[in-house]
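If you want the building blocks of each chain, they are given just below.
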Amino acid sequence: EWCLQKKEREIERKLESVTHPVEMRILPGFVFRQSHPAVFGIEVLRGHVKPGYLMRKKNGKIIGKIKEIQKEGRSITEANKGDRVAVSMEDVVVGRTVNEGEIIESVLNSEDIRVLREVWDRLSEDERELLEGI
């Protein structure tokens, strides 16, 4: 039983330490600040997102890291599929770097992919689909 609990804690630690696959859409009409940092509304289409995730456009161009996520004026640590939240990102200019209605996704490095494949059964169906597309 102790070994099983230790293995479970190790899996949870691995899941917390990696970037998960996520796809989200920038909501039109919900740009609160265009830059320094850019603050805009997003809808999580698939997966879940946390602060610190590096994001890119569908064409592969990296746009920056998510600095903070807020829901109803309060900072939150995670946004899941279907959530509509506000995110702030440094080094992004809405209207230049990204546009309203655009779909953006997380950037996964080879280590993230390796770890996520190790814990494949713990991932949501959406995360599995996004990971297979990489």
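The structure we're discussing is the one just above.
Notes on the structure follow. The structure presented is a predicted model; accordingly, all values stated were derived computationally and were not measured.

## Remarks on the side chain of D126
Link 1 in the chain: Along the chain, D126 falls in helix α3 (residues 125–132).
Link 2 in the chain: Apart from the residues lying within four places of it in its own chain, the contact partners of D126 are R46, G47 and K81.

## Quick notes on the environment of A38
Link 1 in the chain: Relative to the elements of secondary structure, A38 occurs in strand β2 (residues 38–49).
Link 2 in the chain: Residue classification places A38 among the buried residues on the basis of a relative accessible area of 0%.
Link 3 in the chain: In sequence terms A38 and R9 are 29 residues apart; their C-alpha atoms lie 36 Å from each other.
Link 4 in the chain: For A38, the contacting residues outside a window of four places in its chain are R33, V87, S88, M89, V92 and V94.

## A short note on the pattern of salt bridges
Link 1 in the chain: All chains considered together, the criterion is met by 19 salt bridges.
Link 2 in the chain: With a shortest N-O distance of 3.3 Å, E105 and K58 are connected by a salt bridge. Here E105 is found in strand β8 (residues 103–106), whereas its partner K58 is found in the loop between β3 (54–57) and β4 (62–71), with 47 residues between them in sequence.
Link 3 in the chain: Overall, the relative accessible area of 12% leaves E105 in the buried class.
Link 4 in the chain: By relative accessible area, which is 48% here, K58 ends up partly exposed.
Link 5 in the chain: One salt bridge in this structure joins K81 and D126, with 3.2 Å as the shortest N-O distance. Placement of the pair is K81 in the loop between β6 (79–80) and β7 (84–89) and D126 in helix α3, with a sequence separation of 45 residues.
Link 6 in the chain: D126 gets classed as buried once you look at its relative accessible area, which sits at 13%.
Link 7 in the chain: Taken together, the salt bridges that share partners define one network made up of E23, R46, R56, K58, E105 and E129.

## Here's the deal with the packing of aromatic side chains
Link 1 in the chain: What the rule picks out here adds up to one aromatic pair.
Link 2 in the chain: With 6.4 Å between their ring centres and 65 degrees between their planes, F30 and F32 make a pair best called edge-to-face.
Link 3 in the chain: Assessed through its relative accessible area of 39%, F30 is described here as partly exposed.

Cut-offs and rules
Residues numbered from 1 in each chain as written. Predicted model: local features only at pLDDT ≥ 70, side-chain atom pairs only at ≥ 80, totals over all residues. Heavy atoms only, no water. Helix = DSSP H or I, 4+ residues; strand = E, 2+ residues; numbered from the N terminus. Contact = heavy atoms within 4.5 Å. Buried < 20%, exposed > 50% of the residue type's maximum accessible area, 1.4 Å probe, protein only. Salt bridge = Lys/Arg side-chain N within 4 Å of Asp/Glu carboxyl O. Phe/Tyr/Trp six-rings, centres within 6.5 Å; stacked < 30°, edge-to-face > 60°.

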